[in-house]
Amino acid sequence: MNFWIKLRQSLFIDQNVSVLSLTVLFILIAFFSWYPILPIYLQELGANDFQVGFSYSLLALSSTLIQLLGGILSDQFGRKLLIIIPSFFFPLLYFLAGNSSHWITLIIFLTIANSLSALQLPSFYSMIAESVPKIKRGRAYSEFELFVVLGITIGPAMGMILIPRISIKYLFYLNSLITFLCALIRIVWLKETHYHRTKLNIFDSFKNLFNKKYLYVIFALSSLFLLFNLTTNGPFISLYAKEILNLDKSKINLLFALGGFAAVIYSMWGGKIIDKWGSKNVLSYSGLGLGIFMILWSLSSLWWITIALFTILYIFFQSCYIAYGSLLANITHRESRGLVIGFIGTCTGLVGSIGPSLGGYLKLQFSPSSPFWAGLTFALITSLLLIKVKE
């Protein structure tokens, strides 16, 4: 009962937060019905281990590369426009991805989709920050991430049921349909939050980004994204589960679904934890927790222990994302928020995109668990760098 009360309350915190949360929920349900087994699907389409790692590097790079441009355009033309326009390109791209018969073609379409998503991202974070009072930002980001992780949870569970029965290309078609419907909802119900736009001096704004505070933030978050791309956002968990733990596609999807369910439960209180302890501290401890439990998971052999450790590491992963959004909101100002978030996202994404290729190299040269040990190293670096950051 408490779960449904909190879920209902979250729908009414703000119209923008609700619209973004609900549309992202349905998009991610469709997306994660196939995404956990993408590494295996790429292998079925002819990719080897290195090519899978390289593909994920491209996906990670494209997810962040043009965030800076998205941030600049967001400050100039408003948050809503930069969310709406890319939303109408996704249906075509996912339809074409579903028709791909070679791994290169598939990655090309997914890379374009990820690039458009990167264009949106600064506007997402900015709109949420500007839609609620500052004292409610922790709660707003927590509740948005609640719907994100609900999608990440329900999607693999749905995929677990559908994949043995239908071809994966139909899941891409479903993704195409859902993104089109969500684009229509956004154009009708999202409200602009960035009304008083001033023409920024881009050069002066860039100069302000290169102070000690922002440099520590960029270095810390770059290390954090290397951790993500070597663990939860990379292909190595699915490959390790298949090759070492001997799990089939359905069980891999089940693993991600259970991890997501644990993250859903955490998200109900994640905002309060951040409001009490601060986004920087929560991000630091959560990154360390993710790195440590990733190693423990890779050392487990019993199925129930594997599940238990995976749910814990996924809670830390979710905590990182909630604290990440809150930290960005707290260190930025409305006038240049899009630019700053876009710049930080681009820098951290460029560095983080090295992760999958690095992990693929380590996996081939050493062992299937090598990417996770590299991830733990970056978790430690992230925590040390965040000590220097002042919110």
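This section reports on the structure supplied with the text. (Residues numbered from 1 in each chain as written. Predicted model: local features only at pLDDT ≥ 70, side-chain atom pairs only at ≥ 80, totals over all residues. Heavy atoms only, no water.)

## Concerning helix H7 (residues 90–98)
So, step 1. Along H7, the positions that sit buried rather than exposed are Phe90, Pro91, Leu93, Tyr94, Ala97 and Gly98. Along the axis of H7, the buried positions cluster into a sector of 165°, meaning they face one direction only. (Buried < 20%, exposed > 50% of the residue type's maximum accessible area, 1.4 Å probe, protein only. Helix = DSSP H or I, 4+ residues; strand = E, 2+ residues; numbered from the N terminus. Arc of directions from axis to C-beta.)

## Structural notes on unusual backbone geometry
So, step 1. Within the chain, Asn246 stands out as a residue other than glycine whose phi angle is a positive 60°.
So, step 2. Looking at where Asn246 falls in the secondary structure, it is placed in the loop between helix H13 (236–243) and helix H14 (249–277).

## Here we look at the pattern of salt bridges
So, step 1. Scanning all chains against the criterion turns up three salt bridges.
So, step 2. A salt bridge links Asp75 to Arg79, with the nearest nitrogen and oxygen atoms 2.8 Å apart.
So, step 3. You can call Asp75 buried: its relative accessible area is 2%.
So, step 4. Residue classification places Arg79 among the buried residues on the basis of a relative accessible area of 0%.
So, step 5. Among the salt bridges present, the one from Arg79 reaches Glu130, with a minimum N-O distance of 2.7 Å. Note that Arg79 is positioned in helix H6 (residues 79–87) and Glu130 in helix H8 (residues 103–131), a separation of 51 residues in sequence. Neither residue differs from the other here; Arg79 and Glu130 are each classed as buried.
So, step 6. Residues joined in a network through salt bridges with shared partners are Asp75, Arg79 and Glu130. (Salt bridge = Lys/Arg side-chain N within 4 Å of Asp/Glu carboxyl O.)

## Some remarks on the environment of Ile252
So, step 1. Note on placement: Ile252 falls in helix H14.
So, step 2. Separated by 95 residues in sequence, Ile252 and Ala157 place their C-alpha atoms 9.9 Å apart.
So, step 3. If we skip the residues at most four places from it in the chain, Ile252 touches Pro36, Ile40, Ser238, Ala241, Lys242 and Leu247. (Contact = heavy atoms within 4.5 Å.)

## Comments concerning the packing of helix H2 (residues 15–31) against helix H9 (residues 137–162)
How two helices sit against one another is set out by the angle between their axes and by the gap between those axes.
So, step 1. Running from amino to carboxyl end, H2 crosses H9 at an angle of 20°, the nearest separation of the two axes being 7 Å. The angle between H2 and H9 falls in the class roughly parallel. Judged by the twist between their axes, the crossing of H2 over H9 is right-handed. On H9, the residues touching Val17, Leu20, Ser21, Leu22, Val24, Leu25, Leu28, Ile29 and Ala30 of H2 are Ala140, Glu143, Phe144, Phe147, Val148, Leu150, Gly151, Ile152, Ile154, Gly155 and Met158.
So, step 2. Among the residues forming the contact of H2 with H9, the class breakdown is 16 nonpolar, three polar and one charged. (Axes fitted to C-alpha atoms, helices over the stretch in contact; angles between N-to-C directions. Parallel < 35°, antiparallel > 145°, perpendicular 65-115°, else oblique. Left-handed = near helix turned anticlockwise from the far one by under 90°. Nonpolar A, V, L, I, M, F, W, Y, C, P; charged D, E, K, R; others polar.)

## Observations regarding the nonpolar core
So, step 1. Of all hydrophobic cores here, the largest spans 116 residues; its most connected members are Trp34, Leu38, Leu42, Leu106, Leu110, Trp297 and Ile344.
So, step 2. Tallying contributions element by element places helix H16 (residues 303–330) first for this core, with 14 residues.
So, step 3. Contact partners of Leu38, with chain neighbours within four places excluded, come to Tyr56, Leu59, Leu106 and Leu110. (Core = buried A, V, L, I, M, F, W, Y, C linked by side-chain atoms within 4.5 Å.)

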